[in-house]
Amino acid sequence: MDQSLHALLTELYEFGRANDTANSDRSRKMLNITPDTGEFLELLVNAIGAERILEIGTSNGYSTLWLANAVRATGGRVTTVEMSDYKLGLARANFLRSGLASFIELVHRDAGDYLKQPSLSPFDLVFLDSERDQYVGWWPSLKKAIRAGGLLVVDNALSHPLEVRDFIALVRSDSSFLTSLVPIGNGEFLALRRAG
Ligand SMILES: C[S@@+](CC[C@H](N)C(=O)[O-])C[C@H]1O[C@@H](n2cnc3c(N)ncnc32)[C@H](O)[C@@H]1O
């Protein structure tokens, strides 16, 4: 990673932590992933050579920038979906600052609606980091958005176990996925869609 991107990510992470401590209004919190989760996502993108990446829950774009930096190596692109006007404005400004904007498509939409589009082509990697009570309802369309051999990564699997319990049970009960819970950051639940 180049020094200027590293400095920007450090700045954004520190901003997020200070902001989230100072704000009690959830809609104003950044709720960013941890830096070690960013490294892990970068490793996963490279491990499976992911080119088409979908992120659900952009916030101010901290995790998106980790993914966008990773797709520089794979020649890919990150589509990230966010419904908050406020967060969208922050993310857009951060993408411009990073020099990675050309690797990112920022979609201003409810993720449930986005996933339901019949014409949506499946992705190599989907990073799910949004409102957790929606995940079970999204599963039928989310599943279709992951290609065979593709990977789903779900944040907060250990920090909010009760909130993701039903979703994780649903994915684990699907024999077309291989799953694992990884104790990195806030806990990353991985589900690999079996090839073929
Ligand atoms: C945990 S934050 C994302 C943090 C970000 N991934 C990061 O690590 O920098 C969750 C985000 O999902 C957004 N969100 C919640 N429900 C959504 C929905 N139905 N569609 C799109 N975005 C949604 C929220 O506005 C919030 O910005």
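Notes on the site of the ligand
Right, so step 1: Around the ligand lies a shell of 19 residues, among which Leu31, Gly57, Ser59, Tyr62 and Ser63 are the nearest.
Right, so step 2: Every element with two or more residues in the shell around the ligand is listed here: α3 (62–74), β2 (77–82) and α5 (111–116).
Right, so step 3: Each residue belonging to the shell around the ligand can be placed in one class, and the counts come to six nonpolar, eight polar and five charged.

Quick look at the packing of helix α6 (residues 135–144) against helix α7 (residues 161–172)
Right, so step 1: Axis separation between α6 and α7 bottoms out at 9 Å; the angle between their running directions is 30 degrees. By the criterion of interaxial angle, the relationship of α6 to α7 is roughly parallel. α7 is crossed by α6, and the crossing has right-handed handedness. Two secondary-structure elements touch here, α6 through Tyr135, Val136 and Trp139 and α7 through Val164, Asp166, Phe167 and Leu170.
Right, so step 2: For the contact of α6 with α7, the per-class residue count stands at six nonpolar, no polar and one charged.

Considerations on the environment of Gly150
Right, so step 1: Tracing the chain through its elements places Gly150 in strand β5 (residues 146–154).
Right, so step 2: Since 21 C-beta atoms lie within 10 Å of it, Gly150 is described here as buried.
Right, so step 3: It is 4.5 Å that separates the C-alpha atoms of Gly150 and Asp124, two residues lying 26 residues apart in sequence.
Right, so step 4: With residues up to four places along the chain from it excluded, the contact list for Gly150 reads Pro122, Phe123, Asp124, Leu125 and Arg193.

Looking at the environment of Lys116
Right, so step 1: Position of Lys116 relative to the elements: it lies in helix α5.
Right, so step 2: Between the C-alpha atoms of Lys116 and Leu142, which are 26 residues apart in sequence, the distance is 8.3 Å.

Criteria and cut-off values
- Residues numbered from 1 in each chain as written.
- Predicted model: local features only at pLDDT ≥ 70, side-chain atom pairs only at ≥ 80, totals over all residues.
- Near = placed C-beta within 6 Å.
- Helix = DSSP H or I, 4+ residues; strand = E, 2+ residues; numbered from the N terminus.
- Nonpolar A, V, L, I, M, F, W, Y, C, P; charged D, E, K, R; others polar.
- Axes fitted to C-alpha atoms, helices over the stretch in contact; angles between N-to-C directions.
- Parallel < 35°, antiparallel > 145°, perpendicular 65-115°, else oblique.
- Left-handed = near helix turned anticlockwise from the far one by under 90°.
- Contact = placed C-beta atoms within 7 Å.
- Buried ≥ 20, exposed ≤ 12 C-beta atoms within 10 Å, placed from the backbone.

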